[in-house]
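One-letter residues, chain by chain:
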Amino acid sequence: MTSYDVIVVGGGNAGFSAAHAARERGARVLLLEKGAAGEAGGNSFYTAGAFRFPFSGLDELRPLIEQDPRHATTDVPPYTAEDFLADMKRVTDGRCDPVLTDVLVGDAAEAVRWLAGKGIRWRLMYERQAYESDGHWRFFGGLVVGTSGGGKGLIAGHTEAALASGVEIRYGAAVTALPRDGQRVTGVEYRDASGAVHEVSASAVVLAAGGFEADPDRRARHLGPEWRRAKIRGNPLNTGEVLDLAIAAGAQPYGDWTSCHSTAWDANAPDGGGNRTLTNQLTRQSYPVGIVVNREGRRFVDEGADYRNYTYAKYGREILRQPGGVAFQLFDATSRPLLRSEEYDSHPITAAQADTLAELAAALGIDPAGLEETVARFNASIDDGVPFDPSVKDGRAAAVQPPKSNWALALDAPPYYGYAVTCGITFTFGGVRVDTDARVLDGGGAPIPGLYAAGELVGGLFSGNYPGGSGLTSGTVFGRRAGTHAAGAARV
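In this text the structure is predicted, and so the values were computed from the model without any measurement.

Asks: What exactly am I supposed to notice about the overall build of the protein here?
Replies: Scanning the protein from terminus to terminus reveals 13 helices and 24 strands. Counting only C-alpha atoms, the protein reaches 70 × 50 × 40 Å along its principal axes. Sorting the 492 residues of the protein into buried and exposed places 60% on the buried side. If you take every contact in the protein between residues at least 6 apart in sequence, the share linking residues at least 24 apart comes to 74%.

Written out as structure tokens, the structure is:
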């Protein structure tokens, strides 16, 4: 039986962060990835690569990001650690573990710089987080930096750095057991692509294999039966077996197992996710400048309640609750130029265009009378005395139920555009409990010897919602801590 100092289970951002950190401490590291080489990268591969972290402004970011001529006319408001902490508490309604949240916020900025030292490249996300206004690009919502090439670029950079440092990667390795000696986890058992079973020993094991979002039965059990029909946004291999193995080894289930990150997703996207070409382009996130209705033509959310990156992760759930689990984002000739090109100009796309609302409703399967009534009431309720500005919370409201708190534009300039969306699940919030060293804790709160966790498998950080970009940051923060302490344990 072969032996390593540290075994990392999962080849996404969290797993690679753990592997990098363990190698820095001189550990012999094996990374096991369930997917084949052409399926690898976990959910991280399918993201836009956005990382949330505190910064004082553009000048602090310049050494980190790729140069762009637009920087000369770009406004980047500061985003402080206090802002990040307040956002975590606000969007989770205070249900984020205070100790873990302090670690996330406190380590976030240095974690991004650390990844840059590994060769990960960064850029300002103009196409996702900024609007041009009065000749200036204005960023919003505290989320401005992402990896070059999105999730694809992130995983490519991680893989190159890991191989260069001496990390061994085995693809097609589905972990099936966590061997133990008493309470101590002593390695892993895995099945390769041919079906052969292997056992590998290690002084420490880091679990970074994601949640259970890709398994319909586990979704139904923990989130509710309606979640069987949610579409998988990312990795179809995150089916929860490793999370179950951790709990079977004594790990304490922790966090909110009844909620998840989910968003508006193309209604006709494949159910099983895994589109490695379009990845994140199947999401539809420009809804704050339009209205969203169900099949009856009725609005059901406040599209302008907050910046997109503070609402999108919870609005997928609201779509799932509508008749047929579908909804429709509607825009007109005024708002259509404001939509994100990478999402709304991508193909294939489930959409329609028409010169009248009745024709648009017929094309999309919306009740025409219901839609026309909704739009008439909405248009008449807008406070036209407040100027529209999509780069700030402008207070331009529509006094209807539900209200639209910001960015209310009348839907009255043909042609009209409609996009059919459903609920796309990204990752689940329930996981196992860890301490500040990323050691997995048992039911009594004691560390399980030899076992660490990072990424989506860690519970306690998010509940009901999350601030956009904090998932990848969490993966690196706790992956780095897991790898560092796992390597230290291996030297004891």
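Asks: Sorry, what's going on with the packing of helix 1 (residues 13-24) against helix 6 (residues 150-165) here?
Replies: In a packed pair of helices, the relevant descriptors are the angle between the two axes and the axis-to-axis distance. The N-to-C vectors of helix 1 and helix 6 enclose an angle of 25°; their axes lie 10 Å apart at closest approach. Classed by the angle they form, the pair helix 1 and helix 6 counts as roughly parallel. Where helix 1 crosses over helix 6, the two elements pack in a sense that is left-handed. Note on element contacts: helix 6 touches helix 1 through Leu-154, Ile-155, His-158, Thr-159, Ala-161, Ala-162 and Ser-165, opposite Asn-13, Phe-16, Ser-17, His-20 and Arg-23. Each residue belonging to the contact of helix 1 with helix 6 can be placed in one class, and the counts come to 5 nonpolar, 6 polar and 1 charged.

Asks: Is there a simple way to think about the nonpolar core in this case?
Replies: Ile-7, Phe-53, Leu-61, Trp-122, Leu-124, Leu-207 and Val-432 are the most contacted members of the largest nonpolar core, which has 103 residues in total. Leu-207 has contacts with Val-9, Leu-178, Val-242, Ala-246, Leu-451, Tyr-452, Ala-453, Ala-454 and Leu-457, leaving out every residue within four places of it along the chain. Counting residues in hydrophobic clusters, the runner-up holds 23 residues, among them Val-326, Ala-361, Tyr-416 and Ala-420.

Asks: Help me understand the pattern of salt bridges, please; the structure alone is not making it clear to me.
Replies: According to the stated counting rule, one finds 32 salt bridges in the structure shown. Note that Glu-24 is salt-bridged to Lys-118, the shortest N-O span being 2.6 Å. Of the two residues, Glu-24 is situated in helix 1 and Lys-118 in the loop between helix 4 (98-117) and strand 5 (122-124); the sequence distance between them amounts to 94 residues. Looking at Glu-24, the relative accessible area reads 46%, which means it is partly exposed. Put simply, Glu-318 and Arg-317 hold a salt bridge, and the shortest N to O gap is 3.5 Å. Judged by relative accessible area, Glu-318 falls into the buried class, the value being 18%. Taking relative accessible area as the criterion, Arg-317 reaches 22% and is therefore assigned partly exposed. Ionic contacts of the salt-bridge type, sharing partners, join the residues Arg-52, Asp-87, Arg-90, Asp-306 and Lys-393 into one network.

Asks: Just to check I follow, could you spell out the packing of helix 1 against helix 13 (residues 470-491) for this structure?
Replies: Remark: helix 1 packs on helix 13, axes separated minimally by 7 Å, with the N-to-C direction vectors making an angle of 35°. Considering only the axes of helix 1 and helix 13, their crossing is right-handed. The segment helix 1 lies against helix 13, with Asn-13, Ala-14, Ser-17, Ala-18, Ala-21 and Ala-22 engaging Leu-472, Gly-475, Thr-476, Gly-479, Arg-480, Gly-483, Thr-484 and Ala-487. Looking at the contact of helix 1 with helix 13 residue by residue, the classes come out as 6 nonpolar, 7 polar and 1 charged.

Asks: I tried to follow the packing of aromatic side chains on my own but got confused; where do I start?
Replies: How two aromatic rings sit relative to each other is set out by the distance from centre to centre and by the angle between their planes. The final tally for this structure, using the stated rule, is 21 aromatic pairs. Note on Tyr-287 and Tyr-315: the rings are 5.7 Å apart at their centroids and 55° apart in plane angle, and the pair reads as tilted. You can see Tyr-287 sitting in the loop between strand 17 (260-266) and strand 18 (291-293) and its partner Tyr-315 sitting in helix 9 (residues 312-320), a full 28 residues away along the chain. Accessibility expressed as a relative area gives 4% for Tyr-287, which makes it buried. Judged by its relative accessible area of 10%, Tyr-315 is buried. The interplanar angle of 85° and the centroid separation of 4.9 Å between the aromatic rings of Tyr-344 and Tyr-419 together place this pair among those described as edge-to-face. In this pair, Tyr-344 sits in helix 10 (residues 341-344) while Tyr-419 sits in strand 21 (residues 416-428), placing the two residues 75 residues apart along the sequence. An aromatic cluster of three or more residues is present, and its members are Tyr-312, Phe-427, Phe-429, Phe-462 and Tyr-466.

Asks: Would you explain the sheet that holds strand 5 in this entry?
Replies: Strand pairing in a sheet takes place through backbone hydrogen bonds and is either antiparallel or parallel in direction. Read from one edge to the other, the open sheet built from 3 strands follows the order 3-8-5, with strand pairing classed as antiparallel. The strands lining the two open edges of the sheet, one partner per strand, are strand 3 (50-51) and strand 5.

Asks: Before we go on, may I ask you to explain unusual backbone geometry in this structure?
Replies: Trans peptide bonds make up the majority, and among non-glycine residues the majority have a negative phi. In the segment running from His-347 into Pro-348, the intervening peptide bond is cis, with an omega of 5°. Omega for the peptide link from Gln-401 to Pro-402 comes to -10°, which places this bond in the cis form. Assignment of secondary structure puts Pro-402 in the loop between helix 12 (368-380) and strand 21. Located in the positive-phi region is Trp-407, a residue other than glycine, with phi close to 60°. The residue Trp-407 is located in the loop between helix 12 and strand 21 in this model. Exposure remark for Trp-407: the relative accessible area of 2% places this residue in the buried category.

Asks: Sorry, what's going on with the UniProt feature "domain: FAD-dependent oxidoreductase 2 FAD-binding" (unreviewed entry) in the protein here?
Replies: Within the UniProt annotation, "domain: FAD-dependent oxidoreductase 2 FAD-binding" (unreviewed entry) is assigned to residues 5-470. The annotated region residues 5-470 carries 25% helix and 23% strand content, and the separation between its end C-alpha atoms amounts to 30 Å.

Asks: Just to check I follow, could you spell out the sheet that holds strand 4 (residues 74-75) for this structure?
Replies: Pairing is mixed across the open sheet formed by 3 strands, whose spatial order is 4-7-6. Each having just a single partner strand, strand 4 and strand 6 (130-133) make up the two edges of the open sheet. Examined bridge by bridge, strand 4 and strand 7 (residues 136-139) share 2 bridges and lie parallel to one another. Residue pairing in the sheet places Asp-75 in a bridge with Arg-138 of strand 7.

Asks: Can you help me understand helix 8 (residues 241-248) in this one?
Replies: Owing to its 3.6 residues per turn, the α-helix brings residues three or four apart onto one side. Listed in full, the buried residues belonging to helix 8 are Val-242, Leu-243 and Ala-246. For helix 8, the angular spread of the buried residues around the axis is 105°, confining them to a single face. Tucked into the core, helix 8 has its buried residues touching strand 1 (3-9), strand 10 (174-177), strand 14 (197-207) and strand 22 (431-432).

Asks: I'm lost on helix 9 in this one. Help?
Replies: Burial runs high along helix 9: 7 of the 9 residues are buried. Against strand 17, strand 19 (326-331) and strand 21 lie the buried residues of helix 9.

Rules used throughout
- Residues numbered from 1 in each chain as written.
- Predicted model: local features only at pLDDT ≥ 70, side-chain atom pairs only at ≥ 80, totals over all residues.
- Heavy atoms only, no water.
- Helix = DSSP H or I, 4+ residues; strand = E, 2+ residues; numbered from the N terminus.
- Buried < 20%, exposed > 50% of the residue type's maximum accessible area, 1.4 Å probe, protein only.
- Contact = heavy atoms within 4.5 Å.
- Axes fitted to C-alpha atoms, helices over the stretch in contact; angles between N-to-C directions.
- Parallel < 35°, antiparallel > 145°, perpendicular 65-115°, else oblique.
- Left-handed = near helix turned anticlockwise from the far one by under 90°.
- Nonpolar A, V, L, I, M, F, W, Y, C, P; charged D, E, K, R; others polar.
- Core = buried A, V, L, I, M, F, W, Y, C linked by side-chain atoms within 4.5 Å.
- Salt bridge = Lys/Arg side-chain N within 4 Å of Asp/Glu carboxyl O.
- Phe/Tyr/Trp six-rings, centres within 6.5 Å; stacked < 30°, edge-to-face > 60°.
- Pairing = 2+ DSSP bridges.
- UniProt positions renumbered as here; feature names shortened; annotations may be inferred.
- Arc of directions from axis to C-beta.

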